[in-house]
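Commentary on secondary and tertiary structure
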Amino acid sequence: MSTSARYDFDTVIDRRGTWCVQWDGVADRFGVDGLLPFTISDMDFATAPEVLTALRARLDHGVLGYTTWQQDDFRSAVAHWYATRYGTEVDTGRLVYGPSVLSQLSQLLQMWTAEGDGVVVHTPTYDGFRKAVTGLGRELRGVPLGDTEALERELARADAKVFVLCSPHNPTGRVWTEDELREMGALARRHGVAVISDEIHADFVHDGYRHVPWTRIGGDGRWAVITSGSKAFNFPALTGSYGFIGDPADRAEFLRRMETAEGLASPAVLSLTAHIAAYRDGAAWLDAARSYVAGNLALIAERLNGAFPELAWQPPQAGYLAWIDLRPLGVGAGAGADGVAGVDDEALQRVLIEREKVAIMPGAVYGAPGFLRLNAGCPRSKVVAGVEALVRGVGGVR
């Protein structure tokens, strides 16, 4: 039996009425209930059966008391995952744990920056980074994706203290090469800037590309990796993330803050259980899910490019988020260029919401008008409905 045949991704699971942010919370962002959502980055698939089996066994035990993450089952599962998935040996003595990747980011920013300091990110920028940085009173400084000269200019500023790297990048799905990562690491060390590498999308890298963990890049600089199995295996509601911090004193300070100031000495036991099961037994499911999503993304490319050849849209290198540049059609930034009639993003959103009844994230959320981010982590029937609505919507406002 093939790997993909072992798992069912086609069956639609009704998530309505489950307190689901993507489905039940759609009106909070789009102002209308009942839309077909392609929004927040979780998937409409049940998590791996191997994970569910482990969770059921843990629940059957019946006692859900205080728990420690600092134990061999968790450490060895992480080490196993990095060795088998990335061919990388990790020092589990550098491990830390937190309730979420963004919580870890917040703690590290408080450790390594002061109010008013500069925090450098790539643009477009995941909105969670913007909220975390500006919410702490730090200054968010964006540099265009892949512009090394602009990156160095920002890192060289005297008050630039942290570079937040998204690897692979959200929302574009770009996978950084090892050479690119080493160049960024060298620039950060040259200018005394700490690096926080968010690698939560790393496990969903598509065929032909390879994720290189920052644990192989950081060296003796000040750095941290923040990540979780929750994105790839679709269990974010369990909460729980982990990471690596290079410097022993920084690592000790991070743990002190989590255990005392934040009162988070005991992690969620079901999150630990899910991580261990996913990393020990879930690789086949993940590969099947990734293959299925790649098919969804290929379908989007075929339909979009068939309707609008000038887009020449290509699927992302990682993840299940289709980052779609509509500017060649005159949408958003660049509208009116090359004689194409301009359409603002709000007009397109009105058509998608009011007429097509779909919710697709506008690129302006990530600082990129003229783009859309469509979540393709769902059964193919939903993807078909979404891309057809998008094609009709764009055609209706051109």
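Overview of the structure. If you're wondering where the values come from, they're calculated on a predicted model, not measured in any experiment. (Residues numbered from 1 in each chain as written. Predicted model: local features only at pLDDT ≥ 70, side-chain atom pairs only at ≥ 80, totals over all residues. Heavy atoms only, no water.)

Right, let's get into the pattern of salt bridges. With the rule as written, the count across this model stands at 24 salt bridges. Between Glu-253 and Arg-257 there is a salt bridge, with its nearest N and O atoms 2.9 Å apart. With Glu-253 and Arg-257 both in helix 10 (residues 248-261), this residue pair falls four residues apart, about one helical turn. Through salt bridges with shared partners, a single ionic network connects Arg-15, Asp-42, Asp-44 and Lys-382. (Salt bridge = Lys/Arg side-chain N within 4 Å of Asp/Glu carboxyl O. Helix = DSSP H or I, 4+ residues; strand = E, 2+ residues; numbered from the N terminus.)

As a further point, take the pairing of strand 4 (residues 139-144). Regular strands have side chains that alternate between both faces of the sheet. For strand 3 (residues 118-123) and strand 4, the ladder comprises six bridges, and the chain directions are parallel. By the bridge assignment for strand 4, Val-119 is matched with Leu-140. Between the parallel elements strand 3 and strand 4, the chain passes through helix 6 (residues 127-135) in a crossover that is right-handed. (Pairing = 2+ DSSP bridges. Right-handed = clockwise from strand over helix to strand, strands pointing away.)

Here the focus is the nonpolar core. Ranked by size, the top nonpolar core spans 112 residues in total, and within it Phe-233 and Ile-300 carry the most contacts. It is helix 12 (residues 283-307) that provides the largest number of residues to this core, a total of 10 residues. In terms of nonpolar packing, the next biggest core, distinct from the first, is built from 11 residues, Ala-359, Met-361, Ala-368 and Phe-371 among them. (Core = buried A, V, L, I, M, F, W, Y, C linked by side-chain atoms within 4.5 Å. Buried < 20%, exposed > 50% of the residue type's maximum accessible area, 1.4 Å probe, protein only.)

Read from one edge to the other, the open sheet built from seven strands follows the order 2-8-7-6-5-3-4, with strand pairing classed as mixed. Two strands lie at the open edges of the sheet, namely strand 2 (95-98) and strand 4, each paired on one side alone. Direction aside, neighbouring strands of the sheet carry axes that sit 25° apart on average. Strand direction decides the pairing type here: strand 2 and strand 8 (residues 241-245), joined by four bridges, are antiparallel. The partner of Leu-95 across the bridge, within strand 8, is Phe-244. Sheet strands touched by helix 5 (residues 101-112): strand 2, strand 3, strand 5 (160-166), strand 6 (194-198), strand 7 (223-227) and strand 8. Its angle to strand 7, the strand with the most contacts, is close to 160°. Helix 10 rests against strand 2 and strand 8 of the sheet, and its axis sits at about 25° to strand 2. (Axes fitted to C-alpha atoms, helices over the stretch in contact; angles between N-to-C directions. Contact = heavy atoms within 4.5 Å.)

By themselves these figures say nothing about function.
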